[in-house]
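# Fold and contact review
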Amino acid sequence: MAASVEGFSAPRAARSTRRMTVTAATAAPSLTESLTQAANEARGIAMDAIAQANSGHLGLPLGAAEVGAVLFGEKMQYNPEDPQWLNRDRFILSAGHGSMFLYSWLHMAGYDLPHEELSKFRQLDSMTPGHPEFPSSHHNTPGIESTTGPLGQGISNAVGMAAAAKMAGALFNTEDHTIIDHHVIALCGDGCLQEGCSAEAAAIAAHEKLDNLIYMYDANDVTLDKMADFTQSEDVGARFEAYGWDVETIDGHDLAALSKAVDTAKSTKNGKPKLIICKTIIGKGIDAVAGTNAAHGEAGVEYVDEARAALGLPEEKYYVSPETRTFFEERKEALKSDYDAWQTTFAAWKEANPEKATLLADAVDKKMPTVEEMFAAIPEFEAGKAMATRASGSDVLQGIAKTNPLYISGSADLHGSNKNYINGGGDFGSPEAPVGGGKTYAGRNVYYGIREHAMGSMLNGFAYYGLFRVSGATFLVFVDYLRAPVRVAALSELPVGYILTHDSIGVGEDGPTHQPVETVSGLRVMPNLDVIRPADAEE
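The protein goes by Transketolase-like pyrimidine-binding domain-containing protein in an unreviewed UniProt entry, where it is assigned to Phaeomonas parva. Listed in UniProt under the heading Sequence similarities (unreviewed entry), the comment for the protein reads: "Belongs to the transketolase family."

Shown next as structure tokens:
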């Protein structure tokens, strides 16, 4: 507030002729003040949207508001005017039920997500569905990197994305020009970490040394039904350290601690993914439910008006102050400067590497070989020759892989049986895992181990990343282990392929556990999933 000082201790006779006014300039708010204000306004937006919809989840948007402030207001690398920028940091809200967290921050950060769409939260055909949905033919919300909702999927997608980023860097970066060096950041809660697929994916991330991956763990000690200690007692940090992650525990409401932790995570290149345990209060700001499992959903809606007033917010709904607008405009300009510097590097890279540039441009544009080109690469098979379809499928795969150098294969420890190994494609992974294993991040064959669920989720992560065409393989009967990510892939219109072998009555000698009697029918009823079951080599 401007301050004025009128008059001084001048002689009485002079006071009528000597009058001075001194005005002090308003001091610019500090970064901490700006982020605190933005966090509280994000809380207000979430309260307003969930109250208007009378449906939704207040707990995470309110409890993790400072996490959002630091990521979007200070530490993440992005450009709202080019939301598909190749070298942006990818942010995944794995705890997708807290979707108003993400919508609030995208709106304030300057993405094309207008106020009108915030007020349509959880309504049909809005840009703000109940859980974040990856852009497709029926949704196009900028800044959404993956479809999340089924818990555990988002952080497992993040492992696939981080692997895709390592692969892209190995293929396209050169000694003279680095065009891909971003991070993948996922926000999760106890629900995501309790799901089994997250354990599978976290183990792969550590083994393949994906140090471009950061989990922000919203550790509020609460699940939906009960306080978290009712169903879990393990030390999550110790579990991740055992996998091979770097782990740090901080106060999730301390902006300085958050900033330092993210800085450290992004700057430390030691071959370890990062878990930042953010101790938070679920539903912070609504005192009647804060810190309890009642805060998870919309139970705090009846207290919203009182809570907004306590935060110093005006009666205007979906309020964003001029100060916060200005802060994010200035933030966008700073980010644009970094973006422009990258564009200069990218232009020099393209000029120096025309073949790589063409390959990358084709990948970004989703350009595929023509049907004629693919058929020309597939061998002809002798009519009537007895040949297992997995064997003929292997021959077909080799031809397809030659026409598309960014086609990636993988298996859940069954390459030898599925016969889906790309010959000459190399093995994906850290050259150091294991020592002398011959892996490279440019390898086209991904070894998932006996982790079908993680494989399915990581395949989606590769597909969300956008540069690669991916497939994964297992026995048909084990597709039920990855059914959840298959369903999400179908919903999200992801071009993921599943090579499922051992589908005939010939597996009967393995016994009923390996006989996929009903499995194909179960896949055929899934909307937007093409199921093809060739009967012989020619098919």
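Further notes follow.
Of all residues except glycine, most have a negative phi; of all peptide bonds, most are trans. Despite not being glycine, Asp-221 shows a phi value in the positive range, around 65 degrees. Inspection of the secondary structure assignment puts Asp-221 in the loop between β5 (213-219) and α9 (236-243). Even without being a glycine, Lys-419 presents a positive backbone phi close to 55 degrees. Lys-419 gets classed as partly exposed once you look at its relative accessible area, which sits at 35%.

Scanning the model with the defined rule gives 17 salt bridges in all. With a shortest N-O distance of 2.9 Å, Lys-75 and Asp-263 are connected by a salt bridge. Remark: Asp-263 occurs in helix α10 (residues 255-267) and Lys-75 occurs in helix α3 (residues 65-75); sequence separation between them is 188 residues. Glu-234 is the partner of Arg-239 in a salt bridge, and the nearest nitrogen-oxygen pair spans 3.9 Å. A residue is classified by how much of its surface remains accessible, and Glu-234, at 37% relative accessible area, is partly exposed. Look at the salt bridges and you will find they share partners, linking Glu-74, Lys-75 and Asp-263 into a network.

The full count for this structure, using the stated rule, is 22 aromatic pairs. When the centroid spacing of 6.3 Å and the interplanar angle of 70 degrees are considered together, the rings of Tyr-103 and Phe-121 count as edge-to-face. Here Phe-121 lies in the loop between α5 (115-118) and α6 (153-172) and Tyr-103 lies in helix α4 (residues 99-109), a separation of 18 residues in the sequence. Both rings, one in Trp-342 and one in Phe-346, keep their centres 4.8 Å apart while their planes meet at 10 degrees; by these two values the pair is stacked. Placement of both Trp-342 and Phe-346 in helix α12 (residues 322-352) is noted, with a separation of four residues, approximately one turn of the helix. Across the pair, Phe-346 and Trp-342 agree in class, each one buried.

Together, Glu-380, Asp-536, Glu-538 and Glu-539 make up a negatively charged patch on the protein surface. Turning to its location among the elements, Glu-380 is positioned in the loop between α14 (371-377) and α15 (389-403). By relative accessible area, Glu-380 is classed as exposed at 79%.

Turning next to the packing of helix α17 (residues 452-465) against helix α18 (residues 483-491). The interhelical angle for the contact between α17 and α18, taken along N-to-C directions, is 20 degrees, at an axis separation of 7 Å. Between α17 and α18, the angle falls in the class roughly parallel. Only Ala-484, Pro-485, Val-488 and Ala-489 of α18 make contact with α17, whose side of the interface consists of His-453, Gly-456, Ser-457, Asn-460 and Tyr-464. In the contact of α17 with α18, the residues fall into five nonpolar, four polar and no charged.

What follows concerns the packing of α12 against helix α13 (residues 354-364). As a packed pair, α12 and α13 sit with axes 5 Å apart at the nearest point and diverge in direction by 115 degrees. Contacts between α12 and α13 involve Phe-346, Trp-349, Lys-350, Glu-351 and Ala-352 from the first element and Pro-354, Lys-356, Ala-357 and Leu-360 from the second. Grouping the amino acids of the contact of α12 with α13 by side-chain chemistry returns six nonpolar, no polar and three charged.

Burial analysis of β5 places seven of its seven residues in the buried class, the great majority of the element. Where strand β4 (residues 184-188) and β5 come together, five bridges link them in parallel fashion. Paired with Ala-186 across the two strands is Tyr-215, which belongs to β5.

Among covalent bonds in proteins, the disulfide is the one between the sulfur atoms of two cysteines. The final tally for this structure, using the stated rule, is zero disulfides. Cys-197 forms no disulfide, and the closest cysteine sulfur to it belongs to Cys-192, at a distance of 8.2 Å. We note that Cys-278 lacks a disulfide partner, and the nearest cysteine sulfur, in Cys-188, lies 9.0 Å from it. Classification of Cys-278 by relative accessible area gives buried; the value is 1%.

Further remarks concern the sheet that holds strand β3 (residues 90-93). With parallel pairing, the five strands of this open sheet are ordered in space as β3-β4-β5-β7-β6. The open sheet terminates on both sides in strands that have one partner only, identified here as β3 and β6 (246-251). Shown here is a sheet whose adjacent strand axes are inclined to one another by a mean of 20 degrees, direction ignored. Across six bridges, β5 lies against strand β7 (residues 274-279) in parallel orientation. Paired with Ile-214 across the two strands is Lys-274, which belongs to β7.

Each value, and the rule that gives it
- Residues numbered from 1 in each chain as written.
- Predicted model: local features only at pLDDT ≥ 70, side-chain atom pairs only at ≥ 80, totals over all residues.
- Heavy atoms only, no water.
- UniProt positions renumbered as here; feature names shortened; annotations may be inferred.
- Helix = DSSP H or I, 4+ residues; strand = E, 2+ residues; numbered from the N terminus.
- Buried < 20%, exposed > 50% of the residue type's maximum accessible area, 1.4 Å probe, protein only.
- Salt bridge = Lys/Arg side-chain N within 4 Å of Asp/Glu carboxyl O.
- Phe/Tyr/Trp six-rings, centres within 6.5 Å; stacked < 30°, edge-to-face > 60°.
- Patch = residues over 30% accessible without salt bridge, like charges linked within 9 Å, V, L, I, M, F, W, Y side chains within 5 Å.
- Areas by Shrake-Rupley, 256 points an atom, 1.4 Å probe, with all protein chains shown as cover.
- Lys, Arg positive; Asp, Glu negative; His and termini not counted.
- Charge placed at Lys NZ, Arg CZ, Asp CG, Glu CD.
- Axes fitted to C-alpha atoms, helices over the stretch in contact; angles between N-to-C directions.
- Parallel < 35°, antiparallel > 145°, perpendicular 65-115°, else oblique.
- Contact = heavy atoms within 4.5 Å.
- Nonpolar A, V, L, I, M, F, W, Y, C, P; charged D, E, K, R; others polar.
- Pairing = 2+ DSSP bridges.
- Disulfide = S-S within 2.5 Å.

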